[in-house]
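For reference, the chains in residue letters:
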Amino acid sequence: METTKLPPTSPSSPTTGFSVPSAEKVDGFPRRSMRRARQRRSHSSSQFRYQSSQVELTPLPLLKDAPVAELHDLFCKKLQQCCVLFDFLDCVADLKGKEIKRAALNELVESVATSRGVLIEPLYPEAIKMISVNIFRTLPPSENPEFDPEEDEPTLEASWPHLQLVYEFFLRFLESPDFQPSMAKRYVDQKFVLQLLELFDSEDPREREYLKTILHRVYGKLLGLRAYIRKQINNIFLRFIYETEHFNGVAELLEILGSIINGFALPLKSEHKQFLVRVLIPLHTAKSLSIFHAQLAYCVVQFMEKDATVTEYIIRGLLKYWPKTCTQKEVMFLGEIEEILDVIEPSQFIRVQEPLFKQIAACISSPHFQVAERALYFWNNEYILSLIEENCQVILPLVFATLYRVSKEHWNQTIVSLIYNVLKTFMEMNSKLFDDLTASYKVEKQKELKRERERTELWRGLEEKQERRLQTLGEASRNQRNLLERGEPSQPSSPQTALPEQPDTDLSGASSTT
Amino acid sequence: MEAVKLMREIKTIYEQERNYLPKETGLSLIESTTENDNRGISAKCRDAKVEDLWSLTNFFGYSTQTFVLAVNLLDRFLAMMKVQPKHLACISISCLHIATKAVEEECNVSSTNELIRISQCKFTVSDLARMEKIISEKLNFELKTITALTFLHLYHRITLSDTSARKEALNLDKLEVQLKACLCRMAFSKAKPSILALSLLTQEIEAMQAGDLLEMASHVQRHLKIADAELLHWRGLVAKCMTDYSSPECSKPDHKKLVWIVSRRTAQSLQTSHYSVPELPTIPEDCWDESESEDSCEDLSSGEESLSSSLGSDAEGPYFPLHFRCQSNKYHHTS
């Protein structure tokens with residue numbers, strides 16, 4: 001097996017030639033754990049751009065010691081200092097410079113958070129520039145090409161010691177009582193916001209957490225950007241659903257959307273309804289649904305609470321995208337359906353009950369016990385039970401046959417107990433309806449058995465016919481041979497043998513023997 | 001003649017039925033007991049337990065005969081013994097099990113473990129076995145009882161033996177189900193099985209408007225020397241019971257009685273599934289925030305088709321109505 005060698009990297013970081021001993025390979029490929037243990041390749045650095053002349057930072061006086069007249073100037077200078085970037089993949093390079101920047105950032109954060117009158121107009125462009133320079137970068141490709149967000153540890157951003165302070169600064173900046181949206185909107189423009197949104201794809205959850213809060217504030221304060229932000233989030237989601245199926249920040253974006261949906265004005269604009277049907281519902285088809293399902297379900301339920309008329313679209317949409325092969329997703333869908341039913345209006349329920357309970361019946365008969373359990377557990381929900389009770393005449397026939405059949409056939413004892421509970425609940429609701437359905441179920445069963453018997457009879461009859469025919473032909477050919485052996489001319493027409501034209505067995509032809 | 005033979009059989013059985021009636025004094029005691037009295041069983045308690053027995057009969061696919069026998073044993077036992085409510089569950093399940101073993105084929109009888117598990121009872125298999133022994137002893141092992149069902153079957157056969165052309169015969173299954181509904185009410189435990197069955201029969205005959213069978217029914221009544229007044233009394237009660245039973249209203253089930261056990265994994269996912277309110281505060285949508293939007297965001301697809309196909313009449317137009325740019329001045333700023 002060839003050894004895996006890393007491509008040459010920048011001179012400041014060490015090269016590692018990593019060869020995997022054959023014992024650690026499975027089917028000729030290195031084990032997953034071995035791949036993770038490889039050292040990070042420095043060309044994956046997201047932060048460090050190789051600068052030909054590294055700027056030397058000189059420590060500036062502290063902000064808190066500065067006289068008022070010089071405060072803003074010093075603030076500006078510190079901002080400019082913080083525009084210098086450092087390489088964090090090399091742990092020992094530029095320690096002094098890194099410390100100076102870190103201290104400066106810290107001071108800036110403190111100053112914006114505590115003092116008043118710090119944010120004057122000239123500072124806005126400098127601040128935004130510093131932020132842009134630090135955070136906007138091309139995110140590196142994932143170290144682990146098969147990164148599974150549920151199982152694997154995310155790759156953390158190396159330059160977090162500085163980056164975190166920059167984000168903190170940005171947040172305090174936005175939240176400062178001196179913050180003027182009218183001034184900021186000149187610099188926090190659409191281009192800025194677009195780049196901000198792209199950062200949500202970062203693998204580092206801490207970074208996404210900051211971005212989430214920051215974008216939330218930006219959306220809240222800069223009204224002119226709201227439509228744009230919504231549009232761009234739509235694009236990200238649509239790309240995620242239909243093109244790439246990869247984006248790390250779906251959950252965070254959905255959380256922001258949750259707070260936006262919560263604040264929708266009534267009547268609901270058609271733009272928002274379109275978003276629900278075109279983006280949120282199809283989002284349920286993503287493979288990595290489990291990462292953001294809780295936030296997605298929250299958004300969906302919020303929509304319902306705002307405007308009950310969207311209920312039908314939601315439920316029909318979910319039924320359309322119901323998972324057919326992934327049971328983990330099916331359990332999630334059932335959980336979401338329960339949350340939806342918890343807030344549904346009875347008039348809306350009536351419109352969706354038939355297709356919904358047909359699907360629930362299908363889930364109950366699923367051989368995967370978790371799916372069946374989750375579906376049966378709906379009957380433990382008091383509100384759902386009251387909805388079922390009001391529409392018992394429609395719902396019971398839909399699930400009855402399934403419940404009965406599964407109670408006899410299912411391998412899992414817990415499921416059988418739950419089915420008993422459900423059947424008993426139905427019995428108590430309306431015993432006549434239940435008895436009628438039992439009777440018709442039995443009649444159906446009898447008919448089925450009768451059909452089975454008739455079918456077996458039919459085949460047996462056919463086989464007997466076949467036997468007899470073969471017998472007759474056998475006799476006829478034996479007679480023929482006897483006659484030939486005795487040397488007598490064969491009698492073409494004799495009373496007992498009426499030979500068919502073709503001696504081959506041909507049951508479809510006219511048979512004269514029976 | 002077939003009918004004559006049947007009539008003779010009915011007469012013989014009729015003479016034995018009183019051996020299998022629960023003691024009237026015992027039944028009256030139960031009826032007079034209030035629900036919260038811990039010293040005895042109330043009628044409501046008994047009715048609830050009988051309904052449970054019916055659920056179990058249905059669930060396990062046992063015949064109506066098993067159920068009717070079980071109820072008969074239960075009533076007879078309760079009428080002769082003073083029982084505490086906490087033992088009622090064990091007694092009723094024991095009756096059911098005895099009845100199952102007496103009536104059903106051995107292969108169809110479910111194990112006692114299964115019975116206890118499904119009925120969510122708290123006693124053990126040995127408790128059940130002991131109780132069965134006690135009940136059997138107290139009832140002198142008279143397990144092949146004569147019940148209303150016996151009579152119902154005989155009456156039904158008589159109607160079938162009627163040679164005159166009938167368009168449709170009386171539906172025995174329907175009668176059985178009606179009998180079941182009656183037995184769930186304590187009031188009918190006092191009825192003589194022959195009379196109860198006859199009441200059900202005549203009530204169904206009238207519902208079917210099969211006048212010719214009425215003749216037969218009254219013939220049976222005279223044959224058994226059943227008083228008119230008695231028959232009318234029970235027919236009245238049966239009619240009322242049928243009205244209640246057939247009402248299309250759905251009643252709210254008593255939710256707290258059932259125990260819902262799920263597997264560990266499902267229980268875990270149930271706990272975590274309820275998403276807590278997110279930490280981000282709500283951002284209210286202002287009706288005039290769109291008017292401040294920059295013109296450059298107008299590069300949206302104006303050609304996008306409207307949602308009318310999927311939204312029906314709720315669609316308000318294309319994705320981003322172009323006309324709002326002109327209308328932005330028209331938005332009135334509400335305070």
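- As recorded in an unreviewed UniProt entry, chain B goes by the name Cyclin-like domain-containing protein, listed as coming from Umbra pygmaea.
- For the record of chain B, the UniProt heading Sequence similarities (unreviewed entry) holds the text "Belongs to the cyclin family."

- The name given to chain A in an unreviewed UniProt entry is Serine/threonine protein phosphatase 2A regulatory subunit, and the organism recorded there is Umbra pygmaea.

## Focus: the side chain of A:Arg374
Line of reasoning, step 1. Structurally, A:Arg374 is set in helix H16 (residues 369–376).
Line of reasoning, step 2. Side chain to side chain, A:Arg374 and A:Glu338 meet in a polar contact 2.8 Å long.
Line of reasoning, step 3. Residues contacting A:Arg374, with those up to four places away along its chain left out, are A:Val331, A:Leu334, A:Gly335, A:Glu338, B:Thr266 and B:Leu270.

## Quick word on helix H11 (residues 211–224) of chain B
All names here are of chain B.
Line of reasoning, step 1. The terminal C-alpha atoms of H11 lie 21 Å apart, and with 14 residues this matches the ideal 20 Å at 1.5 Å per residue to within 8%.
Line of reasoning, step 2. Against the buried residues of H11 lie helix H1 (2–16), helix H8 (148–161), helix H10 (193–208) and helix H12 (228–246).
Line of reasoning, step 3. A positive backbone phi angle near 55° is found at Lys225, which sits one or two residues after H11.

## Focus: the nonpolar core
Residue and element names in this part refer to chain A.
Line of reasoning, step 1. Counting residues in each nonpolar core, the largest one holds 230 residues, and the members touching the most others are Trp379 and Phe426.
Line of reasoning, step 2. Discounting chain neighbours no more than four positions away, the residues touching Phe426 are Trp379, Ile388, Cys392, Ile395, Leu396, Val399, Leu403 and Phe434.
Line of reasoning, step 3. Core analysis: the next-biggest nonpolar cluster, separate from the first, contains 5 residues, Leu57, Val84, Phe86 and Phe88 among them.

## As for the confidence of the model for chain B
Residue and element names in this part refer to chain B.
Line of reasoning, step 1. Averaged over all residues, the pLDDT of chain B equals 77, while 80% of them reach at least 70.
Line of reasoning, step 2. Confidence scores differ between elements of chain B, with helix H14 (residues 308–311) showing the lowest mean pLDDT of 38 and helix H5 (residues 88–103) the highest of 91.
Line of reasoning, step 3. Segment residues 291–335: pLDDT under 50, and 62 contacts once partners within four positions in sequence are set aside and those in other chains are kept.
Line of reasoning, step 4. Overall fold confidence for the complex sits at a pTM of 0.78, while the interface term, ipTM, reaches 0.78.

## Quick look at empty space enclosed by the protein
Line of reasoning, step 1. Summed over all chains, the structure comprises 5 cavities of 30 Å³ or more.
Line of reasoning, step 2. Of the voids in this model, the largest cavity is the one considered here, and its volume is about 170 Å³.
Line of reasoning, step 3. Lining the largest cavity are 16 residues, and of these B:Asn72, B:Leu183, B:Phe188, B:Ser189 and B:Pro193 lie nearest its centre.
Line of reasoning, step 4. Considering each element in turn, the lining of the largest cavity owes the most residues, 4 residues, to helix H4 (residues 64–80) of chain B.
Line of reasoning, step 5. Classifying every residue of the lining of the largest cavity by side-chain character gives 11 nonpolar, 3 polar and 2 charged.
Line of reasoning, step 6. When residues of the lining of the largest cavity are assigned to domains, at least three map to each of domain 1 (33–144 + 252–334) and domain 2 (148–245) of chain B.
Line of reasoning, step 7. In this structure, the second largest cavity encloses a volume near 90 Å³.
Line of reasoning, step 8. Forming the walls of the second largest cavity are 11 residues, and the residues nearest its centre are A:Arg230, A:Asn234, A:Glu271, A:His272 and A:Phe275.

## Some thoughts on the domain arrangement of chain B
Residues and elements named next belong to chain B.
Line of reasoning, step 1. Taken domain by domain, chain B comprises domain 1 (33–144 + 252–334) and domain 2 (148–245).
Line of reasoning, step 2. Each partner contributes to the interface: domain 1 provides 12 residues, whereas domain 2 provides 9 residues.
Line of reasoning, step 3. Buried surface at the junction of domain 1 and domain 2, summed over both partners, amounts to about 960 Å²; 71% is from carbon and sulfur atoms.
Line of reasoning, step 4. Area buried by domain 1 at its contact with domain 2 is led by Arg46, Thr64 and Val68, which between them contribute 40% of it.
Line of reasoning, step 5. Counting the contacts that link domain 1 with domain 2 gives 0 salt bridges.
Line of reasoning, step 6. Our enumeration of links across domain 1 and domain 2 arrives at 5 residue pairs in polar contact (both at pLDDT 80 or more).
Line of reasoning, step 7. At the level of elements, helix H3 (43–60) and H4 are the ones that each hand at least two residues to the side of domain 1 that touches domain 2.

Definitions and cut-offs
Residues numbered from 1 in each chain as written. Chains lettered and ligands numbered in written order. Predicted model: local features only at pLDDT ≥ 70, side-chain atom pairs only at ≥ 80, totals over all residues. Heavy atoms only, no water. UniProt positions renumbered as here; feature names shortened; annotations may be inferred. Helix = DSSP H or I, 4+ residues; strand = E, 2+ residues; numbered from the N terminus. Polar contact = N/O pair within 3.5 Å; in protein donor to acceptor, adjacent residues only side chain to side chain. Contact = heavy atoms within 4.5 Å. Expected span 1.5 Å × (residues − 1). Core = buried A, V, L, I, M, F, W, Y, C linked by side-chain atoms within 4.5 Å. Buried < 20%, exposed > 50% of the residue type's maximum accessible area, 1.4 Å probe, protein only. pLDDT = per-residue confidence, 0-100. 1 Å grid on protein atoms, 1.4 Å probe; cavity = no way out; pocket = protein on both sides within 12 Å on 5 of 7 lines; lining within 4 Å. Points joined across faces, edges and corners; volume = space filled by probe spheres on them. Nonpolar A, V, L, I, M, F, W, Y, C, P; charged D, E, K, R; others polar. Domains from an automatic or database assignment. Buried area = accessible area lost by both parts, 1.4 Å probe. Salt bridge = Lys/Arg side-chain N within 4 Å of Asp/Glu carboxyl O.

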